[in-house]
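Below, each chain spelled out in residue letters.
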Amino acid sequence: MRPSARITSVLAGFVLAAGGALFAAPAATAAPTSIQECEQYLVQHGKQVTDGVGQACYEGQIGNQTSCAASLQAVGISANDASGACRAAH
């Protein structure tokens, strides 16, 4: 491979890597909002937010809806409110 072609290939790889990092960065900041939406849903329905609620909302945010609902019910949230909060987290 000629040196000029090699340099062009390396630069193209850097550009693609930098572009991927720019697109991935906003997704990383979106995660806490889902947990906050889950907690806000529960507050709007008259429930108190505790550490257990935060952990359950995190489970819903990462897509584990079953664990989210079960954890919320374990801390005294009704099944309907737990289901709605977990949907808000996802």
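The structure this text deals with has already been given above.
What this report covers is the structure whose coordinates are included nearby. (Residues numbered from 1 in each chain as written. Predicted model: local features only at pLDDT ≥ 70, side-chain atom pairs only at ≥ 80, totals over all residues. Heavy atoms only, no water.)

**Description of the side chain of Asp-81**
Next up, step 1: Here Asp-81 lies in helix 4 (residues 79-89).
Next up, step 2: For Asp-81, a relative accessible area of 13% corresponds to the buried category.
Next up, step 3: Engagement of the side chain of Asp-81 in a polar contact is seen with the side chain of Ser-78, the distance being 3.3 Å.
Next up, step 4: With residues near it in sequence (within four places) discarded, Asp-81 still touches Tyr-41, Leu-42, His-45 and Lys-47. (Helix = DSSP H or I, 4+ residues; strand = E, 2+ residues; numbered from the N terminus. Buried < 20%, exposed > 50% of the residue type's maximum accessible area, 1.4 Å probe, protein only. Polar contact = N/O pair within 3.5 Å; in protein donor to acceptor, adjacent residues only side chain to side chain. Contact = heavy atoms within 4.5 Å.)

**So, the state of the cysteines**
Next up, step 1: Applying the stated rule across the entire model yields 2 disulfides.
Next up, step 2: Between the sulfur of Cys-38 and that of Cys-57 lies a disulfide, 2.0 Å long from S to S. Linking Cys-38 and Cys-57, the disulfide has an S-S dihedral of approximately -65 degrees and is accordingly described as left-handed. Taken together, the residues Cys-38 in helix 1 (residues 3-44) and Cys-57 in helix 2 (residues 51-61) connect sequence positions 19 residues apart. Both residues of the pair, Cys-38 and Cys-57, belong to the buried class.
Next up, step 3: Each disulfide of the protein joins two cysteines, and with those cysteines numbered along the sequence the arrangement is 1-2, 3-4. (Disulfide = S-S within 2.5 Å.)

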